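Single-letter residue listing:
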Amino acid sequence: MMMVHPVKFLLSAAKRPLTRCCSAFVSRIRSLNRLKEDDDVCAEALQHAQIFLFHRLSPLLQSSERGTFRAVPLMYSDIRAILERLGSDEAKLKESVLIGCSEQNQVQFCLDVGELDQVALEEALDGTFVDLKKGFFVLRRSEAPLLAKAQALLRWHLTTGFCSATGRPTCPNQAGSQRVGSGGGTIYYPQMSPVVIVLVSDGKRCLLGRQPSFPPGMYSALAGFCELGESLEETVSREVAEEVGLEVHNISYSSSQHWPFPRSSLMLGCHALVSPAHSQVNVDHTELEDARWFTFHEITSALQVKGLWSRGHAPPLWLPPKHAIANRLITEWAELQRCSQKAD
């Protein structure tokens, strides 16, 4: 096998022009960073940005013909007119928080108007403010992460209004990417808590659990917060032992995802194995309502279920929505089982 010297490889790569996709991405990231650092530039960008409205942390959505919902991006002038009609004013728009930039270079903000009448807003905007937990099941995959980020930032601003050291008010920058204490000048940035989510398998089945707050029939991968001083692997082993009384091995990392419930978390997705000879589940009911093993056939059937089910009409097994990392872990496991069966 021919070996490529790393230094020569990097030098040759540097001579080649960057791809259009890469340069566009870098341009968007640097533009967003400038908006966070320059209040005047950010205020100007807000005048021409897309703004996603929330009412007490619930995003404004519109239903589509296919039974799904979509986010409703509004322009600055449209929101200004509606605010004036409902007794507010343009100053409210200064509370908008920067959340991103589309691939079409459209800057995106979010704004919570929870002090205004919800019914009047919904009538004026031809939409509905939907709880994001429910919205995750009916939103398009591309929009769910954006709204999750928006809700997380809006919640952070609601809960970081005062400095923890002095008790004095904090003030956000124009982008809403930080808050500064009015006393000692302490700068606060949004934070996320690390959480592991693990799909446990005995080689032929996968283990799923449910909490009482889950919709009827819904099961998911096991999850728990990382404790101070723990590694990712240690958290996985502890959580599985605590919740279902099993000892895992062969822990492997899959992917990560921001998750806004109940607060901002960084979900670290993993797979883990248990010995088939030691797979008897012992559920800690202070942690879970139920946990049990599911076969490949049960999982593949559940992956075909679509839509949001009402109480009393739930399928035998209902999985988290496709854009949730739990669904990704389950899908990865099912694909691995399918490949294994073909090989046999």
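Within an unreviewed UniProt entry, the label attached to the chain reads NAD(+) diphosphatase, and the organism entered is Takifugu bimaculatus. Listed in UniProt under the heading Cofactor (unreviewed entry), the comment for the chain reads: "Mg(2+)".

### As for helix H5 (residues 118-125)
Restricting attention to buried positions, one finds in H5 the residues Leu121, Glu122 and Leu125. Each buried residue of H5 sits inside an arc of 95 degrees when the element is viewed along its axis, so together they form one side. Where H5 is buried, its residues contact strand E1 (50-55), strand E2 (58-63), strand E4 (73-75), helix H4 (76-85) and strand E7 (128-129). The distance from a side-chain oxygen at the start of H5 to the backbone nitrogen of Val119 is 3.4 Å, and the residue carrying that oxygen is Asp117. Immediately beyond the C-terminal end of H5, within one or two residues, lies Asp126, with a positive phi of roughly 55 degrees.

### Considering the packing of helix H9 (residues 296-303) against helix H10 (residues 325-343)
Viewed as axis vectors pointing N to C, H9 and H10 meet at an angle of 130 degrees, and their least axial separation amounts to 10 Å. In terms of orientation, H9 and H10 fall into the oblique class. As H9 packs across H10, the resulting crossing turns out to be left-handed. Contact with H9, carried on its side by Phe296, Ile299, Thr300 and Leu303, involves Asn327, Ile330, Thr331, Trp333, Ala334, Gln337, Arg338 and Gln341 of H10 and no other residues of that element.

### Regarding the sheet that holds strand E8 (residues 170-172)
Judged by pairing direction, the sheet is antiparallel, and its three strands sit side by side in the order E8-E9-E10 without closing on themselves. At either end of the open sheet lies a strand with only one pairing partner, and these are E8 and strand E10 (187-188).

### Digging into the environment of Ser182
Its location among the elements puts Ser182 in the loop between strand E9 (179-181) and E10. Assessed through its relative accessible area of 45%, Ser182 is described here as partly exposed. C-alpha separation for the pair Ser182 and Arg168, spaced 14 residues apart in sequence, amounts to 6.3 Å. Leaving out residues up to four positions away in the same chain, Ser182 has contacts with Arg168 and Pro169. Among the polar contacts listed, one links the side chain of Ser182 to the backbone oxygen of Pro169, at a separation of 2.9 Å.

### Considering the pattern of salt bridges
Evaluation of the coordinates by the stated rule reveals 10 salt bridges. A salt bridge links Glu90 to Arg80; its shortest N-O distance comes to 3.7 Å. A residue pair is termed long-range when its members are at least 10 positions apart, and Glu90 in the loop between H4 and strand E5 (97-101) and Arg80 in helix H4 qualify at 10 residues. According to the relative accessible area criterion, Arg80 is partly exposed, its value standing at 29%. Linking Arg238 and Glu239 is a salt bridge whose minimum nitrogen-to-oxygen distance equals 3.0 Å.

Quick notes on the rules
Numbering of residues starts from 1 in each chain and follows the order in which that chain's sequence is written. In keeping with the model being predicted, local features are shown solely for residues with a pLDDT of at least 70 and side-chain atom pairs are shown and tallied solely at 80 or more, while totals for entire chains, interfaces and linings include all residues. Only heavy atoms go into the side-chain values, all of them from the structure, while hydrogens and water stay out. UniProt positions are given in the numbering used here, feature names are shortened, and annotations may be inferred rather than shown by experiment. To sort residues, take the accessible area from a 1.4 Å probe on protein chains only and compare it with the maximum for the residue type: under 20% means buried, over 50% means exposed, and anything in between is partly exposed. Helix and strand labels come from DSSP, where a helix needs a run of H or I of at least four residues and a strand needs a run of E of at least two; each type is numbered from the N terminus. Here the arc refers to the directions that run from the helix axis out to each C-beta atom. Contacts are assigned to residue pairs with any non-hydrogen atoms lying within 4.5 Å of each other. Side-chain atoms alone can form a polar contact between residues adjacent in sequence; in general such a contact is a pair of N or O atoms within 3.5 Å, and within protein one must be able to donate a hydrogen while the other accepts it. Think of each axis as a best-fit line through the C-alpha atoms, taken over the contacting stretch in the case of a helix, with angles from 0 to 180 degrees between the N-to-C directions. Just so you know how the angles are binned, under 35 degrees is roughly parallel, over 145 roughly antiparallel, 65 to 115 roughly perpendicular, and the rest oblique. Crossing handedness is defined as follows: a turn of the near helix away from the far one that is anticlockwise and smaller than a right angle gives a left-handed crossing, while the clockwise case is right-handed. Pairing between two strands is assigned when DSSP locates at least 2 bridges connecting them. Counted as salt bridges are all cases of a side-chain nitrogen of Lys or Arg within 4 Å of a carboxyl oxygen of Asp or Glu.

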